[in-house]
Amino acid sequence: MAEITKEELRQPENLIYKKTDLLTDKPLSYCPGCGHGTAHRIVMEVLDEMGIQDQTIGIAPVGCSVLAYEFMNIDMQQAAHGRAPAVATAVKRLHPEKFVFTYQGDGDLAAIGTAETIHACNRGENIVIIFINNGIYGMTGGQMAPTTLPGMKSSTSPYGRDVATMGNPLKITELIAQLPGTIYVTRQAVHTPANVRKTKKAVRKAFENQKLNKGLSFVEIVSNCNSGWKMTPRQSNEWMVENMFPFYPLGDIKVND
Amino acid sequence: MAKVKGDIVIDIEKCKGCEVCVPACPNDVIAMSKNVNGKGYNYAETINDECIGCANCAIVCPDGVITVYRKRME
C-alpha cells in the first residue's frame, strides 16, 4: 500500500468536513463544551445545504445565545426577553417568502416567554422554533428555571428543587405538541455524533416544513450547562444522559405529514 | 482491500479544551495537550496516525475548530 504524507492528504479534494461559512470567524462566547455551539452550527449547516442563507431571518433571544447574531452570518433580529415568537410572527407575516426561525433557551421560551410561545404555536405561525433546554438559567449564574429537574441543585435551589414549594418542572414541548397549530414537534440532543446527525435531520425537516408552508415546527435540543451544573463538560454530558433524558425523553413527539 | 486514510487539522487557538471530541473518536486519535493555547486552555491534539476521517470529532466540536480530510488508498 502506498504511503501518503499529511501534506498530500490535506488537499481541498480530500476535504470531508469543515466549519460552515455561515458561521462567522468570531470565537463563540459560550463556555467550553456548551451545546449551543453545536446547535448553532447545525442550524447554519442546514441553511447552507438548502441554499437559503440570503432568504432567512433569525430571531435571537435573551440569554446565553443573545449574541447569536454575532456568530450566525445571516439577517438577524434580537428580541426582548421571551418575545422571539411574537417578533418572528411579525417578520413572517410581513415577509411570507422568507424563512424565519427563533433560537431560544429555556429561560426565554419556557419562563418569561411562555405566553408568546404557546400562542404562536396555537396560531400555527409558519416558523421554526429551535429550543435549547439545559434546565437552568445559564447566563445569569445558574438559577432555577421552570425546566429544572426535581431535586436538581441550582444557585437558587441549593438543596435541590423541592416540588412541594417550588412547583413541578414544565415539559413545554409535550404541552405545545397538544396544540393543533404545530406540525412537527421533536426533542433531540447534541452530545454525541449520532445525536448531532439526528438533530440535523430534525432541523432540516423543520425548515422543509416551512418551505412547504405546513405550519409551525418546534425542535427542542436538550443540552448541557457544565458551568451552571458545576461539572466538567464530559461529566455534564454523562449527567445529562443519566438524569435529563429519563425526564425529557428524546425522539419525535408529533409528526403530521 | 481499500483502506481509508484520514487526517484532522485542529485550530488550536480556537480550541477551548472541552474534551467532547475525545470520547467521540473511534480510534483514540485525539488527546489533550499538556501545553496551553493563548487563552490558557489545554487544546486537543492528535497522538497517532489511526485517523479514518469519520468526522465524528468535528461534528460534536461545539466550536467547530476541527477540519477533516479523507482519502481512499488503493
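I will try to describe carefully the structure that is included in this document. None of these values were measured; they are calculated from a predicted model.

**Side note on the overall build of chain B**
And step 1. When helices and strands are tallied, chain B shows two helices and four strands.
And step 2. Secondary structure elements of chain B occur, N-terminal to C-terminal, as β-α-β-β-α-β.
And step 3. For 74 residues, the compact-globule formula gives about 11 Å, and the C-alpha radius of gyration of chain B, at 12 Å, lands near that figure.
And step 4. Considered along the principal axes of its C-alpha atoms, chain B spans approximately 45 × 20 × 20 Å.
And step 5. Residue burial in chain B is summarised as follows: out of 74 residues, 50% are buried.
And step 6. Here the contacts in chain B between residues at least 6 apart in sequence split such that 60% fall between residues at least 24 apart.
And step 7. Of the roughly 3,600 Å² of accessible surface on chain B, a fraction of 48% belongs to carbon and sulfur atoms.
And step 8. Taking the average place of the 9 positive charges on the side chains of chain B and the average place of its 10 negative ones, the gap between the two points comes to 5 Å.

**Topic: the sheet that holds strand β8 (residues 182–189) of chain A**
All names here are of chain A.
And step 1. Strands sit in the order β3-β2-β4-β5-β9-β8-β10 across an open sheet of seven strands; the sheet is mixed. A single partner strand is all that each edge strand has here, and the edge strands are β3 (75–78) and β10 (251–255). In this sheet, adjacent strand axes meet at a mean angle of 15 degrees when their direction is disregarded.
And step 2. Note that strand β4 (residues 99–105) and strand β5 (residues 128–133) share five bridges and pair parallel. Bridge pairing links T102 to I129 in β5.
And step 3. Strands in contact with helix α4 (residues 84–94) are β2 (56–60), β3 and β4; relative to β4, the strand with the most contacts, it is inclined by about 175 degrees.

Criteria and thresholds
- Residues numbered from 1 in each chain as written.
- Chains lettered and ligands numbered in written order.
- Predicted model: local features only at pLDDT ≥ 70, side-chain atom pairs only at ≥ 80, totals over all residues.
- Heavy atoms only, no water.
- Helix = DSSP H or I, 4+ residues; strand = E, 2+ residues; numbered from the N terminus.
- Rg over C-alpha atoms; globule rule 2.2 N^0.38 Å.
- Buried < 20%, exposed > 50% of the residue type's maximum accessible area, 1.4 Å probe, protein only.
- Contact = heavy atoms within 4.5 Å.
- Areas by Shrake-Rupley, 256 points an atom, 1.4 Å probe, with all protein chains shown as cover.
- Lys, Arg positive; Asp, Glu negative; His and termini not counted.
- Charge placed at Lys NZ, Arg CZ, Asp CG, Glu CD.
- Pairing = 2+ DSSP bridges.
- Axes fitted to C-alpha atoms, helices over the stretch in contact; angles between N-to-C directions.

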